[in-house]
Structure formats: C-alpha cells, structure tokens
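Per-entry structural report
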Amino acid sequence: MLGRMFLAGAKNLEAKKEWINELNVFPVPDGDTGTNMTLTILSAASEVNALSEPSMKTLAKAIASGSLRGARGNSGVILSQLLRGFAKVIEQYEEVDAPIFAKAFEKGVETAYKAVMKPKEGTILTVAKGAAAKADELAEEAEDLNTFFEGVIAYAQEVLSQTPEMLPVLKEAGVVDSGGQGLLEVLKGAYDGYLGKEINMDFEAPKGAVTVSKPAPAEESNIKFGYCTEFIIMLEKPFPIEEEHAFKEYLMSIGDSLVVVADDEIVKVHVHTNEPGNAIQKALTYGQLSNMKIDNMRLEHHEKVIKEAEKMAAMQKEQMPEKEVGFISVSVGDGMSAIFKDLGADYLIEGGQTMNPSTEDVLEAIAKVNAKNIFVFPNNKNIILAANQARDLTEDKNIIVIPTKTIPQGITALINYVPEKTIEENTEEMLESITTVKTGQITYAVRNTKIDEKEIHEGDIMGIGDHGILAVGQDVEKTTLETVEAMVDEDSEIISIYFGAEVSEEEAEVLKEALEEKYPDFDIDVNQGGQPIYYYVISVE
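Residues numbered from 1 in each chain as written. Predicted model: local features only at pLDDT ≥ 70, side-chain atom pairs only at ≥ 80, totals over all residues. Heavy atoms only, no water.

**Observations concerning the sheet that holds strand β6 (residues 347-350)**
For clarity, the cut-off: Strands qualify as paired when DSSP identifies two bridges or more between them. Secondary structure elements follow DSSP: runs of H or I of four or more residues count as helices, runs of E of two or more count as strands, with numbering from the N terminus. All axes are obtained by fitting lines to C-alpha atoms, using only the stretch in contact for helices, and the reported angles, taken between N-to-C directions, cover 0 to 180 degrees. In this analysis, two residues are considered to be in contact whenever any of their non-hydrogen atoms come within 4.5 Å of each other.
Taken together, 4 strands build an open sheet; the order of strands is β6-β5-β7-β8 and the sheet is parallel. Here the strands that pair on one side only, and so sit at the sheet edges, are β6 and β8 (398-401). Ignoring which end each strand starts from, the neighbouring axes of this sheet average 20 degrees apart. As paired elements, strand β5 (residues 323-331) and β6 share 4 bridges and run parallel to each other. Among the inter-strand pairings, V330 is bridged to a residue of β6, identified as I349. Helix α14 (residues 359-368) rests against β5, β6, β7 (371-377) and β8 of the sheet, and its axis sits at about 165 degrees to β6.

Structure (structure tokens):
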C-alpha cells in the first residue's frame, strides 16, 4: 500500500510538472522546478518498481537511495532529503500508522533543513514544515488515516497559499512557491493511491537527459567492449570496502567504463564488457539482481553510439596515471565547453539551467576523473546542492565544490587556479575571485508578470542580473546595452560577452562596437558561447 501511495504521488507530480514549471518567479523559457522534482522522484520510482516483494525496509531503501542519486536542482535535492528523512523512520517498522507517519514527516523536515545552508521561509521547506506540524497535531486525535491525510493536505494547501506573504517576490509575480506546489501534488497523489483510485502507473521516459562531454563520434569498429551492462545487486551479506575493490578489479579485468555505487543494501553497477554473463555471475555471489539491462552497443542507433563513445573517451582519462588535481565543470553550449576545455577542465557535464544535472551525474563524473583532489564548478545556483550531495557521497577522493552560480564565475574561478599553490590556497583564491564577477543573461519572457517593479509582457526581452531583472525591452541589442549599463560601476574594468546559438557572429560584433564606443577604457571581449535560450551571457569584472 505504501509503495502504491509513493508511486501515485510520483505520477501526480509528473502529470503536473509543466504547470509547476510555469510557476517560476522569473518568466523565463526554462523554468525547471517541476522537471527537477519529477526527475528526482522518478529515479526513486524506478527503484520502487523494481521491488518484486517489498518489505517496509526495502521500500524505504529504494525511496531514499533512488531520490538521493536522482536529485536535480535545489527543489529536487530538498525533495530527496525530505524522502530520505521520511524513509529513515518508516524502515524501522513493519506497519505504519498516523503517529509513525507524523514522526516520519518530522524527520524528513529535519533532514531537509540541515541540507540547506540558509533555509528560506516561503518555500517548499515551509510547506513541508507546516504539513509535519499538522501531522503531529492530528496523529493521536484523527479517527482514521483518511481523516489524518485529509487534514495534513488541507493544511499544506493553506500554508502554500501563504507563501506569497512570506516572500515578496512571489507576491509581486502573482504565484505561489513552485517547490511547495510540487510537494503538495506528491501528497495529493499519494492520498489518491491510498484511496485506491484507478491511476495509470506508466511513467514517461525523461526527456532531454543530461549528457557528458562530446568527443568526435566513434565508429562501431572502435568499440572495444560491445555490451553496455547495468544491474542492481540487492545485497544479502555485508559488502566491506575490500570486497567492493575486489569486485571492481574483476569487472575492470573483463571490461571498462565502470561505475559502481554502493550503499548498505544495494550496489548499482554499470560496465562495458564482452562478457556480460560473467559480470552477472560474479554479481550473483553477493545477492539477488534487479534492473538488469544489456544493450549491444554495436547495434544501437547513432545517438546511442555517440553517447557510449563519450563514456569510452572519458575512460581513457581514467586509465591515465592518477594526478594530484582534476576539474569538473557544468557547461552548456559548444563554445562554453571549448573554453572550459582550453582552461584545463578534465570533464564536462552538460546541463546548466535548461537541464540540471543530478547527484548521480556528478558522481559519475567524479568516478571518471583520476585525481586525488577534484574541484567541481556547478556554474548555476540550482546545481550547487546536487554537487554538494555528490561530494558527501564520495569517500575515496577529496572533492571541493566551488559554489559558482554562473558560467562566467566558473570561468573566472578556473582562470585563477595556480598549480604551484596548495589546494587550500587555491580554494580560498577561487572563492574570492568569483565575488568580483557580475553576470547578466539576456532572454525572452514566456508570460506576463510584474517583478522588481517592472512590467513584463510575453515576448519581451529581459536582462537578468545576479539579483533580479536589470532591463526589459523589445530589442535584444538595446536591452543588452541597458543590462551592461546596470552592471557597470566605478570598479569595473572588463566586459566579456558570450553569444548564444540564436545570435550570429556579425550581430555580436555590432554589440561589441557599441560597447567599445560607450566604454572606451574597458577591455571588451566577445566569445561564441553557443548556449540555447539565452541570446547573451555577460560578465562584468
């Protein structure tokens, strides 16, 4: 029943994801809260679906583990922490009633608040806290679980309706908090599952999945190991670190592109090999298997061949001698990626604002970089929590997350790395350097709204700065110039322009000439970024 409730909650969130995306305060074309929360919970749903005869303990483990590794964006990470805390309580019981649900809700809120460095009220956290408080109040007095669930959901709805009063930016935009709305949809769906309503439990395959850095496409003849083999081991005995190392060594002896993620009760395995049967036979010595998938890469479509070739290319770096320091950066657009490569980035995770990478995407990148110390540049405020979560799950390498919120901050941080200095000195200097960078982004509005005291209409061009809307207009070049003017102050010296996929080099040069005329003493640089959706990304230092 609890498994059905969880899946029904996931399904309801999936059905509402586009509507939740549209609740984004900024009317940008890549609002992503609904998508991030959906991809997070679908990662857990796939593990729940894989349980043939779930116990409360295995169900809790699937929910916690799946959501933790699939977490994307701040809202997704917070949802994963709510689920993780909830699971920690329910795994201790064979049956759950209202008092145990209340205890689990409370633990979920406690876990989520700890994961956020500066919790802000008027968000998903506030809605979760309100739901937990009402659950505690109703736990003993509710006549049955129907009454209990209805009371909790009604109060969560009431708290959500108050979020615009807690966050002025929500009130000005005329929306409730999108993360809180997502959580409410999970609760509503779960209640429908409890009531036994007929629900289609077929989940859509996620669209626009995050990919990794792109070398040239590989020919079939270059694929050394032909079978992409994936499975989950449901451990039946302890899996100590020395056993894990031995298992990895065996898999590497028959293949490559190895990713092994282990926790207390499950081990997720990905390997390219010509002997999938041997990999499976070895895995069976540790426990039962689920989620088995074997793909013949030589027969896949062109896109799949490219994807696997990317992993093969990344593995070539892993096979190189271990080095002291490595770099992982999130990037979007071929031009941006080329810049990071030129600056020494070992591995690129494509994503950014349009599709936030998950915790597991970052973990896989970490596994591919053969270095003792790895700097990670999220380059988006909505990816920092997922990067931190990957850092906390990594035990064999020293991971340093530089909390870069924009691509220009990431570029500046990487430029400021000095090989002769210590890890601590470089960390300090990178953190200092990103405080000098102002970022502006030029895109278009997808709906009418009012924000930062500016009236915005669908189709308007917007200049978005680090802390709000800087300019609104109908012309891309004019709005960009106004955005730069709002960013420049007496300490500014450098303006860097990265033009997107929808802007020609000629248009970018015209913009550069206008800036040089207006700011003759500045260093002005124009680069091809290739980013989607954003006409220009601007850096002022």
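More follows now that the structure is in view.
**Description of a positive patch on the surface**
How we decide: Each patch is built from residues that are more than 30% exposed by relative accessible area and take part in no salt bridge. Like charges join if they lie within 9 Å; nonpolar side chains (Val, Leu, Ile, Met, Phe, Trp, Tyr) join within 5 Å. Surface exposure here means Shrake-Rupley accessible area, sampled with a 1.4 Å probe, where a residue is shielded only by the protein chains that are shown. The rule for a salt bridge is simple: a side-chain nitrogen of Lys or Arg has to be within 4 Å of a carboxyl oxygen of Asp or Glu. Positive charges come from Lys and Arg alone, negative charges from Asp and Glu alone, with His and the N- and C-terminal ends not counted. The atoms used to mark charge sites are NZ of Lys, CZ of Arg, CG of Asp and CD of Glu.
Taken together, the side chains of K118, K120, K381 and K405 define a basic patch exposed on the protein surface. Locating K381 in the fold gives a position in the loop between β7 and α15 (384-393).

**A look at the pairing of β7**
Note on strand geometry: in a regular strand, side chains alternate between the two faces of the sheet. Formally: Only protein chains enter the accessibility calculation, which uses a 1.4 Å probe. A residue is then buried if its area is under 20% of the maximum for its type, exposed if over 50%, and partly exposed in between. Convention used here: a crossover is right-handed provided that the path from the first strand, over the helix, to the second strand proceeds clockwise when the strands point away from the viewer.
For β7, the tally of buried residues reaches 6 of 7 residues, placing the bulk of the element in the interior. Of the strand pairs in this sheet, β5 and β7 are connected by 6 bridges, and their pairing is parallel. For S329, the partnering residue across the bridge sits in β7 and is F377. With 4 bridges joining them, β7 and β8 adopt parallel strand pairing. Each residue of the ladder has a partner; that of V376, found in β8, is V401. In terms of handedness, the path from β7 via α15 over to β8 forms a crossover that is right-handed.

**Details of unusual backbone geometry**
For residues that are not glycine, phi is negative in most cases, and the peptide bond is trans in most cases. In the Ramachandran plot, N379 falls in the positive-phi region, its phi being about 60 degrees despite a non-glycine side chain. The residue N379 is located in the loop between β7 and α15 in this model. Accessibility expressed as a relative area gives 4% for N379, which makes it buried. Of note, I533 is a non-glycine position whose phi angle comes to about 70 degrees, a positive value.

**Details of the packing of aromatic side chains**
Test applied: In this scheme Phe, Tyr and Trp rings, the latter by its six-membered ring, pair at centre separations within 6.5 Å, and the angle between planes marks the pair as stacked below 30 degrees, edge-to-face above 60, and tilted otherwise. Any Lys NZ or Arg CZ found within 6 Å of a ring centre and within 35 degrees of that ring's normal is scored as a charge over the ring.
Under the counting rule described, the total for this entry stands at 18 aromatic pairs. Ring geometry for Y444 against Y535: centres 6.4 Å apart, planes inclined by 50 degrees, an arrangement best described as tilted. You can see Y444 sitting in strand β9 (residues 438-444) and its partner Y535 sitting in the loop between β15 (523-528) and β16 (536-540), a full 91 residues away along the chain. Looking at Y444, the relative accessible area reads 28%, which means it is partly exposed. Given the relative accessible area of 15%, Y535 is considered buried. Ring-pair connections join several aromatic residues into one group, and the members of that group are F86, F101, F105, F148, F149, Y191 and Y194. Above the plane of the ring of Y250 lies K282, whose end atom (NZ or CZ) is 5.5 Å from the centre.

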